[in-house]
Amino acid sequence: MTRRFVWRKIYIFDYLFEENKTMKRIIITSLIGITTLTTTPLILPLLPQRSYAQTSNSQAEKLEQLLFLARQQTRQYQSQEAVETLKQALAIARKIKNREKEADANLGLGINYRRIGNPQEALKFYNEALMIFRELVNRSGEVAALNGIGDIYRNIGQLQKALGYYQQALPITKEVGARTREIDALSGIGEIHRNIGQTQNALEYFQQALSITKEVGDRSGEADSLNSIGVVYRNIGQPQKALEYYQQALRIKREVRDISGFAAILHNIGAVYYSISQRGMALEYYQKALPIWQEVGDRSMEAITFSSIAVVYSDIGQPQKALEYYQQALPILQEVSHRLGEAMTLNNIGDLYRRIDQPQKALEYYQKALSVSQEFGYRSGEAFTLNNIGVVYHSIGKPQKALEYYHKASLIGQQVGNQALLAAATLSNIGAVYRDNNQPEKAIENLEQSVEITLKVRAGLKKENRKFFLEGNSNTAIGLVDFLIDQNKPDAAWQWYNLATTFDLADYTRLINAKVKNSEAQTQINQWQQNNQQLQFLYSKVEDEWSPQLSEQINQLQAENSQLAEKISKEYPEVAELFEFKPEDIDKLKANIAPDTVVIQPALLKGITNVPDSIVIFLVTRDKPVLVKKFPIDTKEFDSILTEYRAQLENPNADDFAANQETLYDYLIRPMEAEIAAYSPKQIAIIATDKLRYIPFETLYDNQANEYLIEKYPIHYLTRISSRIKQQENKTQSMKVLAFGNPQPTKVDLAGAEDEAKIIAKQLPNKHYIREEATLPRFKNESLGFPLVHLATHGCFQTDGCPGVGLEENTILFANGKTFNIRDAALLGLENTDLIVLSACQTAMKADSNGEEIAGVAYLFERAGADAVIASLWNAEDEMTKDIMVKFYQNLQQGMTKVEALRQAKLSYKDERPFYWSPLILIGDGE
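Numbering of residues starts from 1 in each chain and follows the order in which that chain's sequence is written. Confidence filtering applies because this is a predicted model: local features only for residues at pLDDT of at least 70, side-chain atom pairs given and counted only at 80 or more, and all residues used for totals across whole chains, interfaces and linings. Side-chain measures were taken over the full set of non-hydrogen atoms in the model, leaving aside hydrogen atoms and water.

Okay, the overall build of the protein next. Strands are runs of DSSP state E lasting at least 2 residues, helices are runs of H or I lasting at least 4, and numbering of each runs from the N terminus. What the protein contains, in helices and strands, is 38 helices and 17 strands. Here the contacts in the protein between residues at least 6 apart in sequence split such that 70% fall between residues at least 24 apart. For the protein, the accessible area works out to roughly 35,000 Å², and carbon and sulfur atoms hold 47% of it. Two residues qualify as a contact provided that any one of their heavy atoms is within 4.5 Å of a heavy atom in the partner residue. Here the Shrake-Rupley method, with its probe set to 1.4 Å, supplies the accessible areas, and only the displayed protein chains count as covering residues.

Shown next as structure tokens:
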């Protein structure tokens with residue numbers, strides 16, 4: 001009968017990168033987060049009792065007593081005491097030649113030396129235990145030792161070695177049914193992937209571990225896995241999701257009364273608040289954790305928490321207070337021989353002195369930290385500190401010394417495979433040295449390599465995590481764009497600005513002929529491609545052979561294929577990567593800009609310390625080099641102007657908007673006014689981002705020429721420069737329209753919309769439905785037969801819904817109260833549709849709004865096949881909207897392009913307040 005005694009909760013450091021954001025230096029500060037793992041709890045597997053004829057009963061009994069005491073001390077985190085007890089036990093086991101107990105004692109010593117931060121001693125005892133367990137063919141003990149050795153190599157930064165041991169352990173756990181040990185191995189492998197930046201793989205391993213903990217009813221282990229998942233989400237810039245997982249873990253730790261695990265998660269929650277600059281909340285959680293460590297007597301974690309509190313005080317400009325906490329942490333770490341913690345605390349003290357402009361003191365502490373890391377083979381810590389020494393030498397004007405240390409750090413980073421945590425930061429720092437020493441080409445080379453590494457990490461993430469990750473790692477990309485502009489390389493700046501983003505919605509046509517390495521994903525891509533070929537064949541029959549049956553067949557297959565594409569784009573990072581911009585896409589996209597069109601793309605470059613926030617205006621055309629202008633801006637003031645102006649625009653009684661109209665013209669148009677005029681464009685296309693999506697650029701006012709921008713040029717908007725734009729000669733010349741009007745009078749009746757549908761129907765070859773006849777099935781089944789689809793009905797594109805008209809967000813109203821969710825637009829067959837019009841939709845801007853719902857409306861319909869969408873930024877006056885839309889269709893009949901037809905319709909009312917004439921905007925192809 002084998003008995004198992006389990007000690008849980010081994011804590012490792014979760015190193016935090018703190019970016020100085022000057023692109024001159026990236027400081028690596030540690031001891032901020034703790035990852036709680038179910039890594040190699042101490043198991044003392046005993047073989048069936050044997051007869052030891054020469055063994056003194058008193059010696060054997062004493063050995064049992066010592067091992068029992070060691071277990072108690074380990075459970076209570078009295079690691080120093082446990083080491084002394086286990087040494088006595090080991091001596092007796094060897095004396096009486098009890099190999100099982102000798103292995104148990106070695107395993108316990110490995111665990112406790114690891115806890116007190118002495119990895120070399122821990123390795124010695126783990127390896128001794130491994131040898132004996134293998135000799136005794138004790139597979140459970142062998143797994144415990146393998147996992148323990150893996151933990152040590154992981155903690156000292158030798159990740160490939162660590163992975164090798166975990167991978168040895170994993171199949172054995174399955175062979176012997178050691179489910180708890182399987183959790184440990186999976187968690188260890190997950191940590192390796194997290195450390196090398198393969199966060200999606202890390203999440204998958206942690207999720208596997210989580211499933212097993214639930215299966216075996218290991219509540220404490222379940223909390224550990226939830227905690228590990230929380231750490232990953234924090235690292236990729238999803239603090240809210242991290243908090244959700246931490247809070248789940250915290251509840252379980254409280255429930256099972258795992259006091260130490262509870263404290264560790266409190267600490268991790270503090271780290272999340274630290275990462276989102278809520279320093280007060282971070283302190284609150286660290287200070288909740290501290291007395292728990294003191295109560296349970298875990299001196300190592302007490303010291304680590306002191307150090308974390310010190311980092312916060314350093315950040316909020318209280319260096320003296322920070323030093324007080326560091327000075328409490330350091331002697332404890334030295335007392336308990338926690339050399340890794342000592343190294344990282346010395347590193348952080350060095351960082352503190354660097355911050356208060358005492359570079360020599362900073363170097364002194366960094367050198368001490370470096371010595372400790374090198375002594376104990378802690379390669380990652382060595383690389384972190386080498387990087388930070390480089391930062392100091394850079395700051396005191398010694399670029400060659402800085403480069404020397406940066407290159408050493410980079411070399412170690414490559415050796416330990418820790419690219420995500422180190423290589424990008426070090427390359428960015430190297431680029432900054434070259435930048436500041438007038439070597440621009442070398443600077444650009446290193447900065448580009450840094451951003452490329454970030455994008456490689458993105459490639460391993462699922463769709464849901466990409467945006468958050470990039471937002472948290474954007475500073476080097478912003479700095480690169482800024483520097484390229486300064487170096488008069490606007491084409492490269494524009495390319496990198498677009499590359500260092502991620503897609504909001506996927507362009508499924510990129511699956512055509514797509515190949516990926518993941519065979520499971522490729523099988524599903526192949527199925528999508530077969531369905532798509534069938535769809536193209538069916539679409540070719542629509543114009544001459546349309547029938548309700550054909551429409552239903554197309555809609556059914558379109559729905560099936562779109563759902564398949566959505567599923568695989570979410571499930572497989574390799575598929576998600578297909579939808580990202582690549583360098584080769586940029587020229588293709590530029591070539592698809594319509595002739596005689598100028599594209600204006602404003603961009604805010606902000607958040608780089610010691611570099612003024614700026615607004616950049618890119619001017620892009622089909623066949624000429626990109627032009628760019630950059631000038632400083634107060635981003636808070638600019639945001640305030642946008643917010644105020646939008647509120648003025650959607651207020652029918654506002655008459656105080658003139659100043660903001662003129663200010664925004666001066667910000668967004670005047671810097672490029674002469675260059676735009678030089679092209680003599682037929683139209684302007686705007687690529688707006690964030691809150692600029694809420695502003696109709698047509699309303700910007702030139703106070704020198706005394707005219708609106710729309711009086712100078714036709715204007716439309718792009719969510720992206722589509723590579724799918726159909727060539728003009730291939731577009732249908734038919735003007736057939738399918739119109740729906742006022743399908744269900746609600747709290748806000750749209751009598752004008754009803755008239756709008758009727759009048760439009762009289763003007764053009766048509767089919768129209770109003771009131772109870774304007775049903776959702778008719779929209780779904782008949783839309784694909786018409787190049788123009790007009791919806792004069794309520795639509796809601798506000799994140800909290802539209803209670804005034806009784807609609808949920810992202811919905812369009814049809815008869816009988818039925819609604820269509822625009823996220824299902826891809827399920828429609830709109831391949832032959834030139835234009836969708838949503839003339840009564842409603843959006844709203846809040847303090848944290850970024851305009852994604854507006855872009856999403858257009859993008860979703862575009863992905864469904866429509867060339868363009870007309871949508872309303874707010875719900876304007878019913879009668880004037882009707883008049884503008886009627887004039888728009890009259891202008892189309894006269895041969896005007898879509899963008900010119902809408903412009904002329906609006907100009908008829910330009911003397912009215914912009915509330916009335918400006919909300920309708922054209923998004924997509926303007927031809």
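More follows now that the structure is in view.
Turning our eyes to something else, we now look at the packing of aromatic side chains. In this scheme Phe, Tyr and Trp rings, the latter by its six-membered ring, pair at centre separations within 6.5 Å, and the angle between planes marks the pair as stacked below 30 degrees, edge-to-face above 60, and tilted otherwise. The tally for this structure, following the rule as stated, stands at 20 aromatic pairs. Ring plane angle 35° and centroid distance 5.6 Å describe the contact between phenylalanine 740 and tyrosine 769, whose orientation is recorded as tilted. With phenylalanine 740 in strand S10 (residues 737-741) and tyrosine 769 in strand S11 (residues 766-770), the pair connects residues that are 29 residues apart, well separated along the chain. Tyrosine 769 carries the same exposure label as phenylalanine 740, and that label is buried. When the centroid spacing of 5.8 Å and the interplanar angle of 85° are considered together, the rings of phenylalanine 740 and phenylalanine 814 count as edge-to-face. Taken together, the positions of phenylalanine 740 in strand S10 and phenylalanine 814 in the loop between strand S13 (811-813) and strand S14 (819-821) put the pair 74 residues apart, joining distant regions of the chain. For the pair phenylalanine 740 and phenylalanine 814, a shared accessibility class is recorded, and that class is buried. The rule is short: NZ of Lys or CZ of Arg within 6 Å of the ring centre and within 35 degrees of the ring normal puts a charge over the ring. Taking NZ or CZ as reference, lysine 408 lies 5.0 Å from the ring centre of tyrosine 405, over its face. Only protein chains enter the accessibility calculation, which uses a 1.4 Å probe; a residue whose area is less than 20% of its type maximum is buried, one above 50% is exposed, and one in between is partly exposed.

Glancing now at the packing of helix H20 (residues 440-459) against helix H22 (residues 475-486). Helix-helix packing is described using two parameters, namely the angle between the two axes and the distance between the axes. Axis definition: a line fitted to C-alpha atoms, over the contacting stretch in the case of helices. Angles run 0 to 180 degrees between N-to-C directions. The interhelical angle for the contact between H20 and H22, taken along N-to-C directions, is 150°, at an axis separation of 9 Å. Taken as axis vectors, H20 and H22 run roughly antiparallel relative to one another. Of the two elements, H20 crosses H22, and the hand of that crossing is left-handed. Side by side, H20 and H22 meet where Pro440, Ala443, Ile444, Leu447, Glu448, Ser450 and Val451 of the first sit next to Thr476, Ala477, Leu480, Phe483 and Leu484 of the second. Side-chain classes are defined by residue name, with Ala, Val, Leu, Ile, Met, Phe, Trp, Tyr, Cys and Pro counting as nonpolar, Asp, Glu, Lys and Arg as charged, and the others, Gly among them, as polar. For the contact of H20 with H22, a count of residues per class yields nine nonpolar, two polar and one charged. Orientation is classified from the angle alone, with under 35 degrees giving roughly parallel, over 145 giving roughly antiparallel, 65 to 115 giving roughly perpendicular, and any other angle giving oblique. Crossing handedness is read from the near helix: turned anticlockwise from the far helix by less than a right angle, it gives a left-handed crossing, and turned clockwise, a right-handed one.

Let us now look at the packing of helix H3 (residues 99-115) against helix H4 (residues 119-135). Interhelical geometry of H3 versus H4 gives an angle of 155° and a closest axis separation of 7 Å. Classed by the angle they form, the pair H3 and H4 counts as roughly antiparallel. Relative to H4, the crossing made by H3 is left-handed. The residues of H4 that touch H3, namely those facing Arg99, Glu102, Ala103, Asp104, Asn106, Leu107, Leu109, Gly110, Ile111, Tyr113 and Arg114, are Glu121, Ala122, Phe125, Tyr126, Glu128, Ala129, Met131, Ile132, Phe133 and Glu135. When the residues that make up the contact of H3 with H4 are grouped by side-chain class, the tally is 12 nonpolar, two polar and seven charged.

Here we come to the pattern of salt bridges. The salt bridge definition used is simple: a Lys or Arg side-chain nitrogen within 4 Å of an Asp or Glu carboxyl oxygen. Within this structure, the stated rule accounts for 48 salt bridges. Residues lysine 629 and glutamate 675 are paired through a salt bridge, measuring 3.0 Å at the closest nitrogen-oxygen approach. You can see lysine 629 sitting in strand S5 (residues 627-632) and its partner glutamate 675 sitting in helix H31 (residues 673-679), a full 46 residues away along the chain. Under the relative-accessibility criterion, lysine 629 is labelled partly exposed at 30%. Between glutamate 698 and lysine 906 there is a salt bridge; the shortest N-O distance is 3.0 Å. One end of the pair, glutamate 698, is in the loop between strand S6 (683-686) and strand S7 (701-702); the other, lysine 906, is in helix H37 (residues 898-907), and 208 residues separate them in sequence. Exposure remark for lysine 906: the relative accessible area of 1% places this residue in the buried category. Beyond isolated ion pairs, a larger network of salt bridges with shared partners links Arg279, Asp315, Asp351, Arg354 and Arg355.

This part is about the pairing of strand S17 (residues 920-924). When you tally the buried positions in S17, you get five out of five residues, the bulk of the element. Strands pair, by our definition, only if DSSP identifies at least two bridges between them. Where strand S16 (residues 868-872) meets S17, five bridges bridge the pair, whose relative direction is antiparallel. By the bridge assignment, serine 872 is partnered in S17 with leucine 920.

Over its 20 residues, H20 extends 28 Å from the first C-alpha to the last, a length consistent with the 28 Å expected when each residue adds 1.5 Å. Along H20, the residues classified as buried are Pro440, Ala443, Ile444, Asn446, Leu447, Ser450, Val451, Ile453, Thr454, Leu455, Val457 and Arg458. In this scheme, a helix's expected span is set at 1.5 Å multiplied by one less than its residue total.

To continue, consider the pairing of S5. Here strand S4 (residues 614-620) runs beside S5; their pairing, made up of six bridges, is antiparallel. Opposite valine 616, over in S5, you have lysine 630 as the bridge partner.

Another point: the nonpolar core. Here, the term nonpolar core denotes a set of buried Ala, Val, Leu, Ile, Met, Phe, Trp, Tyr and Cys residues that are joined through side-chain atoms within 4.5 Å. Counting residues in each nonpolar core, the largest one holds 116 residues, and the members touching the most others are Ile269, Val481, Ile485, Trp496 and Phe618. Looking at this core, the element that brings in the most residues is helix H11 (residues 259-275), giving 10 residues. If you look at the next biggest cluster of nonpolar residues, it comprises 55 residues, including Leu109, Tyr113, Tyr153 and Leu170.

Moving on, we get to H4. Spanning 17 residues, H4 covers 24 Å between terminal C-alpha atoms, matching the ideal 24 Å at 1.5 Å per step. Considered for burial, the residues of H4 that qualify are Pro119, Ala122, Leu123, Phe125, Tyr126, Ala129, Leu130, Ile132 and Phe133. In the core, the buried residues of H4 are packed alongside helix H2 (79-95), H3, helix H5 (139-155) and helix H15 (339-355). Immediately beyond the C-terminal end of H4, within one or two residues, lies valine 137, with a positive phi of roughly 55°.

Tracing the sequence through the fold places glycine 150 in helix H5. Under the relative-accessibility criterion, glycine 150 is labelled buried at 0%. Through-space distance from the C-alpha of glycine 150 to that of isoleucine 192 is 9.7 Å; in sequence the pair is 42 residues apart. What glycine 150 contacts, discounting residues up to four positions off in sequence, is Ala162, Tyr165 and Tyr166.

One non-glycine residue, valine 137, adopts positive backbone phi at about 55°. For valine 137, the position within the fold is in the loop between H4 and H5. A positive phi angle is found at aspartate 596, which is not glycine, with a value near 60°. Structurally, the position occupied by aspartate 596 is in the loop between helix H28 (583-591) and strand S3 (597-605).

Moving on, we get to the environment of proline 490. Take proline 490: it is sitting in helix H23 (residues 490-499). Along the sequence, proline 490 and proline 625 sit 135 residues apart, while their C-alpha atoms lie 8.0 Å from each other. Excluding its chain neighbours within four sequence positions, the residues that come into contact with proline 490 are Phe618, Val626, Leu627 and Val628.

Within the secondary structure layout, isoleucine 349 lies in helix H15. Owing to a relative accessible area of 3%, isoleucine 349 belongs among the buried residues under this scheme. Taking the C-alpha atoms as reference, isoleucine 349 lies 6.5 Å from tyrosine 365; in sequence the two are 16 residues apart. Isoleucine 349 has contacts with Leu323, Tyr326, Leu330 and Tyr365, leaving out every residue within four places of it along the chain.

This next bit is on the side chain of threonine 635. Take threonine 635: it is sitting in helix H29 (residues 635-649). Look past the residues within four positions of threonine 635 in its chain and what remains in contact with it is Lys606 and Asp613.

As a further point, take the confidence of the model for the protein. A residue's pLDDT is simply how confident the predictor is in it, with values from 0 to 100. When pLDDT is averaged along the protein, the result is 81; 85% of the residues meet or exceed 70. Residue range residues 1-55 is modelled with pLDDT below 50. Its contacts to residues more than four positions away, or to other chains, number 243 contacts. Within the model, pLDDT remains below 50 along residues 727-733, and this stretch shows 11 contacts once partners closer than five positions in the same chain are excluded.

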